[in-house]
Amino acid sequence: MTVSLRFRLLVAWLVFVLLLLQTAAVGLRLLFERSITYKATGELTLDVGRLVNGIELSDAGDIKLLDTPTDTQYLSAHGGRYWQVSKNSVPILRSPSLWKHQLVIPPEATTTDARPVRLTGPDDQALFGMARTVDIGEGSRRTQVQVVAAINDADIQAATSDFSFELHISLAVLSVLLLLAASAHVTIGLRPLSDLKIRLQAVRSGEIKRLSGAFPSEVMPLVMETNALLEAQEQALDRARSRASDLAHGLKTPLSVMTTHSRQLRRRGDDVLADAIDRQLEAMRRHVERELARTRARAPGGTRYRRIESAPIIAEIASALQHLPKGQTIKWQIAVAEPLRLLVDRADFVDIMGNLLDNGQKWARSRIQIDGRSSGGKAIFTVEDDGPGVPDEEFERILQRGERADTTTPGTGLGLAIVNDLVLLYGGKLELARSTLGGLRAAVELPQSA
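Only a predicted model underlies this, so the values are computations on that prediction, with no experimental measurement involved.

Some remarks on the overall build of the protein
And step 1. Tallying secondary structure elements over the protein gives eight helices and 14 strands in all.
And step 2. By the burial criterion, 38% of the 450 residues in the protein qualify as buried.
And step 3. A separation of at least 24 residues holds for 60% of the contacts in the protein among residues at least 6 apart in sequence.
And step 4. Of the roughly 25500 Å² of accessible surface on the protein, a fraction of 56% belongs to carbon and sulfur atoms.

Okay, structure coming up:
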């Protein structure tokens, strides 16, 4: 299974953003909780100090409060804020908010410095408070009291929950923005690869021979290696084509010599041996001619063919054939749409249409019809004649190398076979059928250019 680089980068970004924001959410919640707890601690410490400073011991030994915290929550029953002054763990003064409830101060809070404590308030409220033990009076009147101020812990938790809710909404919005930024970052970062793909398609279609343009330094080594590979491939193809052509041409001379020897045998009266040799020589000659035609083909995927306009080429081939003795007696009807551009090497297209038109004028009695049109991104060319035609069962046979529909007519029998070879090289197809004119209808499908 192939996974795109874009998908991998976006997944990496998604994981990074989620981990980052999750860590940020936990950290910010802890910081907020610590901050609000610190704020509550400061407020309660001030309230405890106010209570301590307001304690007065009367001559009769009674404890009075000259000053109390003014927050309205201390005044409302079960209001959420509470204070209490105790002596020997027995409450002697309480805030109205406690109503009939008494706060039980833990033993560890009996220090001269204010310390945080956890208490249980009215309606089993969990309280967070500050407690402090102070000495009042002098001499025999000296006594200790415990002063505590507390707040409903649920208020702290509620504030923290509200903050967490708003925080998660903010982080969700931030995550969407970060992912959009990541998508833009990946798109911009991968754009040079998209440009490279477009140029590679242009090389494949023959629009350009080599990759060119301004690419990032990270991509340039790939561009240079690709250009070097294209150069090496083109040189290798040229060498292979040259060797094949040299081999085919080299065989033609021995074939001519052997043909001469066959004629000498026939003059001596050895017709049986001469006929056997001629059959083998003809088969070899057809094979050589076909290989020569194939070595001339550029083949798709190369870098040396350009977009061509088909109509002028067909008109040029037809004009050349019309000057032949047989061509002058035939009525040529050409209907090729313009523009009809192809992604085919010009020489290959000339071989394809040249063989089809030559085959048509060879068998036509008086009329040849040539049509070219676009269909589904393909170019369709048809050549029809009013000749004797070919039986349906012979269509497959005459596309094979060296097979001919009529051995009495001059020719090598390679025309349609060569056309079929070239068309297949371009991913197209050649179809034979009976023409409405009475003769053969040859239809060729080739890749069309925009």
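Comments concerning the packing of aromatic side chains
And step 1. One pass over the structure, following the stated rule, counts three aromatic pairs.
And step 2. For the pair Trp13 and Phe16, a centre-to-centre distance of 6.0 Å together with 85° between the ring planes defines the contact as edge-to-face. A residue pair is termed a helical-turn pair when its members lie 3 or 4 positions apart in one helix, as Trp13 and Phe16 do in helix α1 (residues 5-54) at three residues.
And step 3. A relative accessible area of 27% places Trp13 in the partly exposed class.
And step 4. Residue Phe16 is classed as partly exposed on the basis of its relative accessible area of 47%.

A word on the sheet that holds strand β14 (residues 440-447)
And step 1. Taken in spatial order, the five strands line up as β9-β11-β12-β14-β13 in an open sheet, and their pairing is mixed. Where the open sheet ends on each side, the last strands, each with one partner, are β9 (331-336) and β13 (429-434). Sheet twist, expressed as the mean angle between neighbouring strand axes with direction ignored, is 15°.
And step 2. Direction of pairing for strand β12 (residues 378-385) relative to β14: antiparallel, over a ladder of seven bridges. Residue pairing for β14: Val383 is matched across the bridge by Ala442.
And step 3. Relative to the sheet, helix α5 (residues 310-322) contacts β9, β11 (367-375) and β12, its axis offset from that of β9 by approximately 175°.

Details of the pairing of strand β4 (residues 90-94)
And step 1. Sheet analysis places strand β3 (residues 81-87) next to β4, joined by four bridges and oriented antiparallel. From the neighbouring strand, Ser86 faces β4, where its bridge partner is Pro91.
And step 2. The turn linking β3 back onto β4 is made up of two residues, and Asn88 within it adopts a positive phi angle of 55°.

A look at the side chain of Thr143
And step 1. With respect to the helices and strands, Thr143 occurs in strand β7 (residues 143-152).
And step 2. Beyond its immediate stretch of four places on either side in the chain, Thr143 contacts Lys87, Val134, Asp135 and Ile136.

Remarks on the pattern of salt bridges
And step 1. Tallying each qualifying case throughout the model produces 12 salt bridges.
And step 2. Across the salt bridge formed by Arg50 and Asp67, the nearest N and O atoms sit 2.8 Å from each other. Placement of Arg50 in helix α1 and of Asp67 in the loop between β2 (63-65) and β3 is noted, with a sequence separation of 17 residues between them.
And step 3. According to the relative accessible area criterion, Arg50 is partly exposed, its value standing at 32%.
And step 4. The salt bridge partner of Asp71 is Arg81, with a shortest N-O separation of 3.6 Å. Taken together, the residues span a long stretch of sequence, with Asp71 in the loop between β2 and β3 and Arg81 in strand β3 at a distance of 10 residues.
And step 5. A residue is classified by how much of its surface remains accessible, and Asp71, at 31% relative accessible area, is partly exposed.
And step 6. Taking the relative accessible area as the measure of exposure, Arg81 reaches 8% and is therefore buried.
And step 7. Here the salt bridges share partners, and the residues they tie into one network are Glu43, Asp47, Asp71 and Arg81.

Details of a nonpolar patch on the surface
And step 1. Residues Phe165, Ile169, Val173, Leu174, Val176, Leu177 and Leu180 make up a contiguous nonpolar surface patch of roughly 670 Å² in combined accessible area.
And step 2. Residue position: Leu174 is located in helix α2 (residues 153-205).

Description of helix α8 (residues 415-425)
And step 1. Where burial is concerned, most of α8 is hidden: eight out of the 11 residues are buried.
And step 2. Taken together, the buried positions of α8 are Leu416, Ala417, Ile418, Val419, Asn420, Asp421, Leu422 and Val423.
And step 3. Taken from the residues just after α8, Gly427 is the one with a positive phi, measuring 75°.

What to know about the environment of Gln235
And step 1. Of note, Gln235 is situated in helix α3 (residues 220-267).
And step 2. Separated by 2.9 Å, the side chains of Gln235 and Glu231 make a polar contact.

Quick notes on helix α6 (residues 346-363)
And step 1. Taking 1.5 Å of rise per residue, the 18 residues of α6 would be expected to cover 26 Å, and the 26 Å separating its terminal C-alpha atoms lies within 8% of that figure.
And step 2. Inspection of α6 places Asp348, Phe349, Asp351, Ile352, Met353, Gly354, Leu356, Leu357, Asn359, Gly360 and Gln361 among the buried residues, and these make up the whole buried set.
And step 3. Its side-chain oxygen 3.0 Å from the backbone nitrogen of Ala347, Asp345 forms the N-cap of α6.

Topic: the sheet that holds β3
And step 1. With respect to topology, five strands assemble into an open sheet ordered β4-β3-β7-β6-β5, the strand pairing being antiparallel. The open sheet is flanked by β4 and β5 (115-120), the only strands paired with a single partner. Neighbour to neighbour, the strand axes of the sheet diverge by 35° on average, direction disregarded.
And step 2. Packed onto the sheet, α1 meets β3, β6 (126-136) and β7 and runs at close to 35° relative to β6.

Comments concerning unusual backbone geometry
And step 1. Here Glu338 and Pro339 are connected by a cis peptide whose omega angle stands at -5°.
And step 2. Inspection of the secondary structure puts Pro339 in the loop between β9 and β10 (341-342).
And step 3. In this structure, Asn88 takes a positive phi of about 55° despite not being glycine.
And step 4. Of note, Asn88 is situated in the loop between β3 and β4.
And step 5. Using a relative accessible area of 60% as the deciding quantity, one classes Asn88 as exposed.
And step 6. One non-glycine residue, Asp123, lies in positive phi territory at about 55°.
And step 7. The residue Asp123 is located in the loop between β5 and β6 in this model.
And step 8. Since its relative accessible area comes to 59%, Asp123 is described here as exposed.

Criteria and thresholds
- Residues numbered from 1 in each chain as written.
- Predicted model: local features only at pLDDT ≥ 70, side-chain atom pairs only at ≥ 80, totals over all residues.
- Heavy atoms only, no water.
- Helix = DSSP H or I, 4+ residues; strand = E, 2+ residues; numbered from the N terminus.
- Buried < 20%, exposed > 50% of the residue type's maximum accessible area, 1.4 Å probe, protein only.
- Contact = heavy atoms within 4.5 Å.
- Areas by Shrake-Rupley, 256 points an atom, 1.4 Å probe, with all protein chains shown as cover.
- Phe/Tyr/Trp six-rings, centres within 6.5 Å; stacked < 30°, edge-to-face > 60°.
- Pairing = 2+ DSSP bridges.
- Axes fitted to C-alpha atoms, helices over the stretch in contact; angles between N-to-C directions.
- Salt bridge = Lys/Arg side-chain N within 4 Å of Asp/Glu carboxyl O.
- Patch = residues over 30% accessible without salt bridge, like charges linked within 9 Å, V, L, I, M, F, W, Y side chains within 5 Å.
- Polar contact = N/O pair within 3.5 Å; in protein donor to acceptor, adjacent residues only side chain to side chain.
- Expected span 1.5 Å × (residues − 1).

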